[in-house]
Each structure stands twice: as structure tokens, then as C-alpha cells.
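Here are the chains, one letter per residue:
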Amino acid sequence: MFIVSTMTTSLVDAKPVMSNHERIGALTRAVLNGEQISREDAQWCFALRDTADIFDLMAGANRIREHFKGNKIHLCSIVNAKAGSCSENCSFCAQSAFHQTGSPKYGFVDPEPVLEAADEANRNSVTAVGLVAAWRGLKEGPMLDEVCDRIRDLAKSGKTRPDASLGLIKSQNVADRLKEAGLECYGHNLESSRSFFPKHCTTHTFEDRLETIGYLKKAGIKICSGGIIGMGETHEDRLDLAMSLRDIGANVVPINILNPIKGTPLENVPPVPPMEILQTIACFRFILPRQEIMIAGGRTVNLRDMQSMVFTAGASALMVGNYLTTLNQSVEKDLQMLKDLGLDPDWESHGFTDQQ
Ligand code: SF4
């Protein structure tokens, strides 16, 4: 087991005497030795612009991933358990009732599709299936009973890790009930930095999200929390997001890349260039060395034939199968990509190692 050092390393004062290559090497060694990267050094990593430096940064992130995760890649999939007509106004989301997107709308999922998703996950060495619902949040009552039934079905099947992403939670009892039903991990992204959050959502707050995470952690449920890049945020916002995720102790950190949906306020936002996406992943790996960094929505459309480079940039997990409202490349193609890179799906540890 690794000893987590709370010591924070800062090489900011060394800048005048070190080349960028040397400084990235020194930061890599410090993180491998269990030290936390300082905010100043992380800021410096985000600010690198030279392609050769970004490749150096990725090489360092790759070594950190290999050191803490070996050649195991954690795979997750999702079932859209309730689609569309969401009361929240998240500006990136096709499922918000505020936007005219033509995205499908249906009520809570029956047991059969959930069990089919578990079977498919098992066949493809996918660690987890997450039930995802488009609504503000989960309250006590018949809907919570139904959600718990589906989680129990998934847990009983023994074919996958039961996960869920069901919006805001406003009481400890709801989180405890989910845990009791067998839920292992809850997806609840912080989405962006605290200061950028009101620019993409005004129907709930960053603090609401932190409160939900607090109830889940108290219930003993693991936290899957990350964000979306490409909404118009600055590098400083991305750094703040990564630092917040370090502070809350997220176990899995999904990085989504905006895939602008027609009918949403972000439909005309220009895409993030692939090298900038890879640099962001590498910076997250330096800041969050032990976490599962998972590349989720927007991967195929934004990275195209550079998708396999997410692992050499430090990612250790992948969302496979289709996303909630957009398509992904096939699971078979993803598994072939891992095989070609000499990487293995992480089935045995269920994605959670003793390093987290
Ligand atoms: S991201 Fe979630 S909470 Fe926000 S509009 Fe979409 S479904 Fe609703």
C-alpha cells in the first residue's frame, strides 16, 4: 500500500535554473514519490504551450498512471434510466426542459433493460453499469423504492458493479437507503469550477452538489465526480475544478469534453483542440495521481483518431458504449484499442484499488 504524503512539492522557485523538460521530470519524480503537486506548479503545467513540452507532460502523466494503476483500465457503462424533461437548466445538456433539442423523453426504466445492460457489461469486461436519471434529484417516496429495486437487481445479478447518477440528494436517509440497496458508487459531477458554475447552471448551485457528495460519503458510497471541458471556461477554472476534486476525495474522475448539442445554449461553442484535451488530462493526472481518471462523453467526436492517446496522457478509465444522448464508438473497437496498447480491462478490483 502506498503511503499518502500530505507534503506539497513546489518547484516554482526553481523555474529560472531548470529547462521545461527538467522541470516536468522533477515534478513527475515528486508525484511518484507521493508528494502533492502545488497549485503554482499545476498552473505552470496548464500554461505550457509548446507541443514538445505537452508531449513531455504526457510522458510524465503516463508514468504516474503506470506507477499507480499498472496496465489496468477501468471500464464503465451507463443506462439512461429516465430521459428528458429535466427541470434543471444545465446549458450543455440535451435533456433539460429549458432547451429544444429533440432528445428522447421517457419515464423510469423497467427492470429488463437494466439486467440486459448488466449482461452486456459482463460479456465485455465492463466493471460497472450506472443508472442515470434526468431529473433534479432523488427524494424519499415510491420513486426511491423503485430506484432501490433496480440497484438490488443489478447487485444480485453479480455481473457488474451497481452505480448510479440520480441528481441531487437532500437527506442522509436517501443516501443510506441507496447504500443499503447495494449501491457502490454514485456519479455526481462538480462539472466546473465554483466560479464558472453559475455560468452554465442557475437552477442549483455548486454548493448543492458538494452537499450531495457529503451525504454520499457519509453513507460509505464511493464518489465518481468530474466535469466538462470546453464550455468556455479558462485554464484556471479547469485547475480549480481539479483542486476541488482533490479536496472532496473523488474516487473516479470523469472528464467529459463538450459535444455541443443543437438547441442548447452551447450549440455554437468552438471545440477544444485535441492537444489541449490531452494536456488537460495530463494536468489532472499530476493533480490526482491515484484516482481513476475516466474519459467520458465527447471523446469520439473531439479526439477522433487521437483517442488512444488518452492513456498516454494519464487516463486510467473509459466510459464505453453510447452516452446519454450521443453515440460512442463500439465497445469492440474500444477493447481492441486497449489490447493494441497492451492494456487490460480492470475487472478484478472493480475499479477501486487500495491506493484511492
Ligand atoms: S445535466 Fe442532469 S441535472 Fe442538468 S439538465 Fe441534464 S439531466 Fe438535468
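Please read all numbers here as calculations on a predicted model, not as lab measurements.

## Describing the overall build of the chain
For the chain, the helix and strand inventory stands at 13 helices and 14 strands. Against the compact-globule benchmark of 21 Å for 356 residues, the chain has a radius of gyration of 19 Å, which places it among compact chains. Expressed as lengths along the three principal axes of its C-alpha atoms, the size of the chain is roughly 65 × 40 × 40 Å.

## Observations concerning helix α8 (residues 206–219)
Between the first and last C-alpha of α8 there are 20 Å, a value that for 14 residues agrees with the 20 Å anticipated at 1.5 Å per step. Along α8, the residues that are buried comprise R209, T212, I213, Y215 and L216. Around the axis of α8, the buried residues are gathered within 160° of arc, so they sit on the same side. α8 presents E207 and K218 as exposed residues on the side facing more than 90 degrees away from its buried surface. In this structure, the buried residues of α8 make contact with β7 (168–169), α6 (172–181), β8 (185–187), β9 (222–224) and α9 (235–248). Where α8 terminates, the next one or two residues include G220, which has phi positive at roughly 85°.

## Focus on the domain arrangement of the chain
Here the chain is partitioned into domain 1 (8–67) and domain 2 (73–343). With 18 residues of domain 1 in contact, the opposing surface of domain 2 contributes 17 residues. For the side of domain 1 that touches domain 2, the secondary-structure elements that each account for two or more residues are α1 (20–32), α2 (39–47) and α3 (51–69). In the side of domain 1 that touches domain 2, the residues fall into 13 nonpolar, 3 polar and 2 charged.

## Structural notes on unusual backbone geometry
For E191, which is not glycine, the phi torsion reads 75° and is therefore positive. Notably, R304 is not glycine yet its phi reads approximately 45°, a positive angle. In this fold, R304 is placed in the loop between α11 (299–303) and α12 (309–312).

## Notes on the site of the ligand
By nearness alone, every residue bordering the ligand is listed as C86, E88, C90, C93, Q95, S96, A134 and G167. Tallied by class, the residues present in the shell around the ligand amount to 4 nonpolar, 3 polar and 1 charged.

## A few points about the packing of α1 against α3
Orientation of α1 relative to α3, taken along the N-to-C sense of each, is 15°, at an axis distance of 10 Å. Here α3 runs roughly parallel to α1, going by the angle between their axes. As α1 packs across α3, the resulting crossing turns out to be right-handed. Packed against α1, whose contacting residues are N20, H21, I24, L27, T28, V31 and L32, the element α3 presents D53, D56, L57, G60, R63, I64 and H67 at the interface. Its residues assigned to classes, the contact of α1 with α3 comprises 6 nonpolar, 5 polar and 3 charged.

## What about the nonpolar core?
Among soluble globular proteins, nonpolar side chains are generally buried collectively. Core analysis: the biggest nonpolar cluster contains 99 residues, and I281, F286 and M294 have the highest contact counts within it. Ranked by residue count, the leading element in this core is helix α10 (residues 274–287), at 8 residues. In this structure F286 touches L27, V31, I37, A42, C45, A61 and I64, once residues within four positions along its chain are discounted.

## Regarding the environment of R299
You can see R299 is positioned in helix α11. Residue classification places R299 among the buried residues on the basis of 25 C-beta atoms within 10 Å. Counting along the chain gives 56 residues from R299 to M243, while the straight-line C-alpha distance between them is 23 Å. If sequence neighbours within four positions are ignored, R299 has contacts with I257 and Q307.

## A look at α6
All of the buried residues in α6 are V174, A175, L178 and A181. Summarising the axial view, the buried residues of α6 lie within an arc of 125°, below the 170-degree limit, and thus occupy one face. Just downstream of α6 lies G182, where phi reads positive at about 115°.

## Here's the deal with the confidence of the model for the chain
For the chain, the mean per-residue pLDDT works out to 88, and 90% of the residues sit at or above 70. Predicted confidence in the chain is weakest over strand β1 (residues 8–9), with a mean pLDDT of 62, and strongest over α10, with 98.

## Quick word on the packing of α3 against α10
Interhelical geometry of α3 versus α10 gives an angle of 40° and a closest axis separation of 9 Å. Looking at the two axes, α3 sits oblique to α10. For the crossing formed where α3 meets α10, the hand is left-handed. Contacts between α3 and α10 pair T51, I54, L57, M58, A61, I64 and R65 from the former with M275, L278, Q279, A282, R285 and F286 from the latter. Its residues placed into classes, the contact of α3 with α10 shows 9 nonpolar, 2 polar and 2 charged.

Criteria and cut-off values
Residues numbered from 1 in each chain as written. Predicted model: local features only at pLDDT ≥ 70, side-chain atom pairs only at ≥ 80, totals over all residues. Helix = DSSP H or I, 4+ residues; strand = E, 2+ residues; numbered from the N terminus. Rg over C-alpha atoms; globule rule 2.2 N^0.38 Å. Expected span 1.5 Å × (residues − 1). Buried ≥ 20, exposed ≤ 12 C-beta atoms within 10 Å, placed from the backbone. Arc of directions from axis to C-beta. Contact = placed C-beta atoms within 7 Å. Domains from an automatic or database assignment. Nonpolar A, V, L, I, M, F, W, Y, C, P; charged D, E, K, R; others polar. Near = placed C-beta within 6 Å. Axes fitted to C-alpha atoms, helices over the stretch in contact; angles between N-to-C directions. Parallel < 35°, antiparallel > 145°, perpendicular 65-115°, else oblique. Left-handed = near helix turned anticlockwise from the far one by under 90°. Core = buried A, V, L, I, M, F, W, Y, C linked by C-beta atoms within 7 Å. pLDDT = per-residue confidence, 0-100.

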